[in-house]
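Descriptive structure summary
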Amino acid sequence: MKYPWLDVAKKIQAIAQAGLTYSDNKYDVERYTDLSAIASQIMADFTGTDLNLLPGLFMNETGYQTPKVDVRGVVFRGNKILMIRETIDNCWALPGGWADIGISAKETVVKEVAEEAGLQVDATKLLAVFDKKFHPHPPSPYHVYKMFFLCKETGGELAIGMETSDVGFFSLEALPELSVERNTRSQIEFMFDFLNNPDKATLFD
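Residues numbered from 1 in each chain as written. Predicted model: local features only at pLDDT ≥ 70, side-chain atom pairs only at ≥ 80, totals over all residues. Heavy atoms only, no water.

A short note on the packing of helix α1 (residues 4-22) against helix α2 (residues 26-47)
When two helices pack together, their arrangement is given by the angle between the helix axes and by the axis-to-axis distance. The line we're drawing: An axis is simply a line fitted to the C-alpha atoms; with a helix, the fit covers only the stretch in contact. Between two such axes, the angle follows the N-to-C directions and lies from 0 to 180 degrees. For helices the rule is a DSSP run of H or I covering at least 4 residues; for strands it is a run of E covering at least 2, with both sets numbered from the N terminus onward. Note on terminology: angles under 35 degrees are roughly parallel, angles over 145 are roughly antiparallel, angles of 65 to 115 are roughly perpendicular, and the others are oblique. Note: crossing handedness is left-handed where the near helix turns anticlockwise from the far helix by less than a right angle, and right-handed where it turns clockwise. The contact criterion used throughout is that any non-hydrogen atoms of two residues lie within 4.5 Å.
Contact geometry for α1 and α2: axes closest at 8 Å, N-to-C directions at 155°. As summarised for this structure, α1 and α2 are arranged roughly antiparallel, according to the angle between their axes. Judged by the twist between their axes, the crossing of α1 over α2 is left-handed. On α2, the residues touching Trp5, Leu6, Ala9, Ile12, Gln13, Ile15, Ala16, Gly19 and Leu20 of α1 are Val29, Tyr32, Thr33, Leu35, Ser36, Ala39, Ile42, Met43 and Phe46.

What about the side chain of serine 179?
The following threshold applies: Each residue is placed in one exposure class: buried if its accessible area under a 1.4 Å probe, protein chains only, is under 20% of its type's maximum, exposed if it is over 50%, and partly exposed if it falls in between. Whenever two N or O atoms come within 3.5 Å, that pair is a polar contact, provided that in protein one can donate a hydrogen and the other can accept it, and provided that, for residues adjacent in sequence, both atoms are side-chain atoms.
The topology assignment puts serine 179 in the loop between β7 (164-170) and α4 (185-196). Using a relative accessible area of 1% as the deciding quantity, one classes serine 179 as buried. Here arginine 182 takes part through its side chain, which lies 2.6 Å from a polar atom of the side chain of serine 179. Among all residues touching serine 179, those that are not within four sequence positions of it are Asp89, Cys91, Trp92 and Ala93.

A short note on the nonpolar core
A general trend in soluble globular proteins is that nonpolar side chains are found buried together. Filter applied, for reference: Buried Ala, Val, Leu, Ile, Met, Phe, Trp, Tyr and Cys residues that are joined via side-chain atoms within 4.5 Å together make up what is termed a nonpolar core.
With 17 residues, the main nonpolar core has Val74, Ile81, Met83, Leu94, Phe148, Ile188 and Met191 as its most contacted residues. Among the secondary structure elements, those contributing two or more residues to this core are β1 (68-77), β2 (80-86), β5 (119-131) and α4. At four residues, α4 tops the list of elements feeding residues into this core. Aside from chain neighbours lying at most four places away, what touches isoleucine 81 is Val74, Val75, Phe76, Leu94, Gly168, Phe169, Phe170, Leu175, Met191 and Phe192. Val75, Ala117, Met147 and Cys151 belong to the second largest nonpolar core, which has 15 residues in total.

Examining unusual backbone geometry
A positive phi angle, near 60°, is found at asparagine 90, a position not held by glycine. In this structure asparagine 90 comes out as partly exposed when scored by relative accessible area, which is 47%.

Description of the pattern of salt bridges
Keep this limit in mind: Each salt bridge in this description consists of a side-chain nitrogen of Lys or Arg and a carboxyl oxygen of Asp or Glu lying within 4 Å of one another.
Under the counting rule described, the total for this entry stands at 15 salt bridges. A salt bridge links arginine 72 to aspartate 70; the nearest nitrogen and oxygen atoms lie 3.1 Å apart. Here arginine 72 falls in the buried class, since its relative accessible area comes to 4%. Overall, the relative accessible area of 4% leaves aspartate 70 in the buried class. Close ionic contact of glutamate 86 with arginine 182 constitutes a salt bridge, the shortest N to O distance being 3.4 Å. Placement of glutamate 86 in strand β2 and of arginine 182 in the loop between β7 and α4 is noted, with a sequence separation of 96 residues between them. Residue classification places glutamate 86 among the buried residues on the basis of a relative accessible area of 5%. By relative accessible area, which is 15% here, arginine 182 ends up buried. Among the charged side chains, a network of salt bridges with common partners joins Asp100, Lys111, Glu112 and Glu115.

Spelled out as structure tokens, the structure:
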């Protein structure tokens, strides 16, 4: 396990959040509140995050805790893949983001590609569902499932969006500096493997 204490903190917070959701006993509520505070302290010590910021980040949800879902669009032109440069870190990623409430994962990835890269696409195949903890991403306060959809261009033109400063297509041999919070080189390599092996089965952790 690459980040053992981060994983411990997430599990403690999940237990505390479920307990606070379902417990009516005031003593249990107090215990679960204490557990949540312990999880936050571990997270703050591990990541260097200001403890005062964690309620809005690490403890911002109620109800039974489940993984968050990140969707990414995989669009090829010839032997090059579509990437956008994120304004938040000035590095490059496949277009995408958090799945939205009220629309499907497929609808979300279509929307994200249009908003971030200017292209109209149709999502045609689910290529992979990865658990972020099994891949070389930096530490995160969330447990995240990442879904990669193969998309086919149907219209539009390359254009930047509100959260992007550049957009383009890149070969595997000439990838720009990646936003590793969002995608890793090994994940991009998996996507190119699908380009070369279109009948390859969906990957999942």
